[in-house]
Amino acid sequence: MSFTYEALVFFLALFALYSPVAALSSYLPYVRGYTHAEQLRLALGLALNALVFVLIAIWVGEPLLELLGISTAALTATGGIALILASVPLMRGGGEKKPDDSNEEVVKPKNPLFTPLTFPLTVGGTTFAFGVAASADVGDVPGRLWLSVAALAYGIVTGVTLYLSGHVERRISLETSAILDRVAGILLTAIAVILLANGFTDLVTARLNS
């Protein structure tokens, strides 16, 4: 198989794992309170973070994991914990505004670029594992260069998705935002539970096999 085919398969795998439609809805609570320019900077920052994360997986992922003694299963479980911490307050409605606060300025959330926007909502242990596996398949530098092109395309997709979430967030009412926050919190908590279960299951399986 050609390097271009491997790169295309790699991009499609990342795209399917990421699921832009689901990601867009999960970003909505975290872009609220930011201006259009600030949301654009968040989008550019997310694209760069996603690109760097996947490039690390492609070029130095396997030896880096061995050096640090960290498995992709541990990264997945850690992502689940981080996502639970961010999603449970949304599910409980902790971020909703009270009626008598309607005239007050919307308070910006703490900069969410690294956590949870980049990790674990956009990239995580499975993403890293995809990069390591694809790199092992192609084997040499030309193949990894093509994978890097796929990583760049993936980074652009994530940035555009976050940018579009800002447009959606500005066009919905506060009442709709509150409802979507609750829904997003439920979905994100469910995803976090899946990440935790998969991560811990893989950790236990690897320990038993060793």
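Attention now goes to the environment of Arg144. Note that Arg144 resides in helix 7 (residues 141–170). Since its relative accessible area comes to 22%, Arg144 is described here as partly exposed. Non-local contacts of Arg144, meaning those with residues more than four positions away in its chain, are made with Ile58, Trp59, Ser135, Val138 and Gly139.

Pairing of side chains with opposite charge becomes possible as their charged atoms draw close. If you walk through the whole model with that rule in mind, you get one salt bridge. Among the salt bridges present, the one from Glu169 reaches Arg32, with a minimum N-O distance of 3.2 Å. Remark: Arg32 occurs in the loop between helix 2 (20–31) and helix 3 (36–68) and Glu169 occurs in helix 7; sequence separation between them is 137 residues. Residue classification places Arg32 among the buried residues on the basis of a relative accessible area of 15%.

This part covers the confidence of the model for the protein chain. Mean pLDDT for the protein chain: 85, with 92% of residues reaching 70 or above. Confidence scores differ between elements of the protein chain, with helix 4 (residues 72–91) showing the lowest mean pLDDT of 81 and helix 7 the highest of 95.

Reading the values: the criteria
- Residues numbered from 1 in each chain as written.
- Predicted model: local features only at pLDDT ≥ 70, side-chain atom pairs only at ≥ 80, totals over all residues.
- Heavy atoms only, no water.
- Helix = DSSP H or I, 4+ residues; strand = E, 2+ residues; numbered from the N terminus.
- Buried < 20%, exposed > 50% of the residue type's maximum accessible area, 1.4 Å probe, protein only.
- Contact = heavy atoms within 4.5 Å.
- Salt bridge = Lys/Arg side-chain N within 4 Å of Asp/Glu carboxyl O.
- pLDDT = per-residue confidence, 0-100.

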